[in-house]
Amino acid sequence: MNILEIKGLTKNFGGLAATSNVDINIPKNSITAVIGPNGAGKTTVFNMVTGVYKPTSGDILLNGEPITGLKPHAVTKKGIARTFQNIRLFESLTVMENVLIGMHSHLKSRFFSIICQLPGMKKEEKEAEIEAYELLKYVGLAKLLNETAGSLPYGAQRRLEIARALAARPKLLLLDEPAAGMNPKETKELTNLIRHMCDERNLTVVLIDHDMKLVMEISNHIVVLDHGEKIAEGNPVAIRSNPRVVEAYLGKGALAYA
């Protein structure tokens, strides 16, 4: 069963097509990697799925329900969360506060309740703090909950961004280059965290990354884009031996060694 279906997705910027007629099916509870050279259209696809960009044409369905063109906050409420290629944390806020912000899509209290400190709001606030703490413990940051986000080491900031995304209680989590800038130890920890999220939280993960060792090790489904078009889709074994994939990454001269 597919949790996400992308059909004929096209995005034009002026006269240029960032993506052209892309079809992608994301199996439920899978770890899917979307790979391709720089400029292939990977992040553009993420931006359309999450409502940052409105597609020029095509359809996006989540569990069979159309979400094409919804605003980002509406997409989040439907069950999709994401991280970004360039970390986007509230650097002057604490680690705990960053995670609490990620819960806004499912908290029931409204502005009036917060201002007046009504009993229902206080109860929900306490429950949210407990949930946030559990998420920080899950990603290994519980001891740093009162630190400012901007003071964290790079790898910890990446994990905090994942915790904030999990705070939205997503069904589908999109990770845009989560291992970028990480050292081998941090990358290994990230790999284990992603596996645990899928196994323990009934989560489907789609990631973009250029670390082919990570991609081949963690993914059970891979989609390859090049110049805005899908050129291959399959399991890691099939993708590794696909001549079009080898050519897109390494050039025609590499085909002799594929």
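Here is what the cut-offs are and how they apply
- Residues numbered from 1 in each chain as written.
- Predicted model: local features only at pLDDT ≥ 70, side-chain atom pairs only at ≥ 80, totals over all residues.
- Heavy atoms only, no water.
- Helix = DSSP H or I, 4+ residues; strand = E, 2+ residues; numbered from the N terminus.
- Buried < 20%, exposed > 50% of the residue type's maximum accessible area, 1.4 Å probe, protein only.
- Contact = heavy atoms within 4.5 Å.
- Areas by Shrake-Rupley, 256 points an atom, 1.4 Å probe, with all protein chains shown as cover.
- Core = buried A, V, L, I, M, F, W, Y, C linked by side-chain atoms within 4.5 Å.
- Phe/Tyr/Trp six-rings, centres within 6.5 Å; stacked < 30°, edge-to-face > 60°.
- Lys NZ or Arg CZ within 6 Å of the ring centre and 35° of its normal.
- Pairing = 2+ DSSP bridges.
- Expected span 1.5 Å × (residues − 1).
- Arc of directions from axis to C-beta.
- Axes fitted to C-alpha atoms, helices over the stretch in contact; angles between N-to-C directions.
- Parallel < 35°, antiparallel > 145°, perpendicular 65-115°, else oblique.
- Left-handed = near helix turned anticlockwise from the far one by under 90°.
- Nonpolar A, V, L, I, M, F, W, Y, C, P; charged D, E, K, R; others polar.

Some thoughts on the overall build of the protein
For the protein, the helix and strand inventory stands at 10 helices and 10 strands. For the protein, buried positions account for 48% of its 258 residues. For the protein, restricting intrachain contacts to residue pairs at least 6 apart in sequence, the fraction spanning at least 24 positions comes to 69%. As displayed, the protein has an accessible area near 12,800 Å², and 53% of this comes from carbon and sulfur atoms.

What about the nonpolar core?
The nonpolar side chains of a soluble globular protein tend to be buried with one another. Of all hydrophobic cores here, the largest spans 48 residues; its most connected members are Val99, Leu160, Leu173, Ile194 and Leu207. Per element, the largest residue contribution to this core is six residues, and it comes from helix 6 (residues 154-166). With residues up to four places along the chain from it excluded, the contact list for Ile194 reads Ile31, Leu175, Val205, Leu207 and Ile218. Within the second largest apolar cluster, 24 residues are counted, among which are Val45, Ile60, Val75 and Leu174.

A look at the side chain of Gln157
Here Gln157 is to be found in helix 6. Residue Gln157 is classed as buried on the basis of its relative accessible area, which comes to 12%. For Gln157, the residues in contact, after removing those within four places along its chain, are Ile87, Leu89, Ala149, Gly150 and Leu152.

Things to note about the packing of aromatic side chains
Applying the stated rule across the entire model yields one aromatic pair. A centroid spacing of 5.2 Å and a plane angle of 75 degrees characterise the contact between Phe13 and Tyr53, whose relative ring orientation is edge-to-face. Of this pair, Phe13 sits in strand 1 (residues 2-13) while Tyr53 sits in the loop between helix 1 (42-49) and strand 4 (57-62), and the two are 40 residues apart along the sequence. Taking relative accessible area as the criterion, Phe13 reaches 37% and is therefore assigned partly exposed. Owing to a relative accessible area of 28%, Tyr53 belongs among the partly exposed residues under this scheme. The side chain of Lys11 reaches across the aromatic face of Phe13, ending 5.3 Å from its centre.

Re the pairing of strand 3 (residues 31-35)
For strand 3, a buried count of five out of five residues is recorded, marking the element as mostly surrounded by other parts of the structure. Two elements, strand 3 and strand 9 (residues 221-226), share four bridges in a ladder whose sense is parallel. Directly across from Thr32, in strand 9, lies its bridge partner His221.

Section: helix 7 (residues 184-200)
The terminal C-alpha atoms of helix 7 lie 24 Å apart, and with 17 residues this matches the ideal 24 Å at 1.5 Å per residue to within 8%. When we look at burial in helix 7, the residues that qualify are Thr187, Leu190, Thr191, Leu193, Ile194, Met197 and Cys198. In an axial view of helix 7, the angular spread of the buried residues amounts to 165 degrees, which keeps them on one side of the axis. The exposed residues of helix 7 that point more than 90 degrees off its buried face are Lys185, Asp199 and Glu200. Once helix 7 finishes, Asn202 follows within two positions and takes phi at roughly 50 degrees, a positive value.

A short note on the sheet that holds strand 4
Spatially, the four strands line up as an open sheet ordered 2-1-4-5, and their pairing is antiparallel. Because the sheet does not close on itself, it has two edges, and the strands there are strand 2 (16-27) and strand 5 (65-66). The sheet contact formed by strand 4 and strand 5 spans two bridges and is antiparallel. Residue pairing for strand 5: Leu61 is matched across the bridge by Pro66. Strands strand 1, strand 2 and strand 4 of the sheet are contacted by helix 1, whose axis makes an angle of about 110 degrees with strand 1.

Some thoughts on the sheet that holds strand 9
For sheets, the rule is that strands pair by backbone hydrogen bonds, running either parallel or antiparallel. Here we have six strands laid out as an open sheet, ordered 6-7-8-3-9-10, and mixed in their pairing. Bordering the open sheet on either side are strand 6 (80-82) and strand 10 (229-234), each of which pairs with just one other strand. Taking the axes of each pair of neighbouring strands and ignoring which way they run, one obtains an average angle of 20 degrees across the sheet. In this fold helix 6 packs onto strand 6 and strand 7 (172-176), with an angle of close to 155 degrees to the strand it touches most, strand 7.

Regarding the packing of helix 6 against helix 7
Relative orientation of the contacting elements helix 6 and helix 7 amounts to 15 degrees, with a least axis distance of 10 Å. By the angle between their directions, the pair helix 6 and helix 7 is classed as roughly parallel. Of the two elements, helix 6 crosses helix 7, and the hand of that crossing is right-handed. Only Glu186, Leu190, Leu193 and Met197 of helix 7 make contact with helix 6, whose side of the interface consists of Gly155, Arg159, Ile162 and Leu166. In the contact of helix 6 with helix 7, the residues fall into five nonpolar, one polar and two charged.

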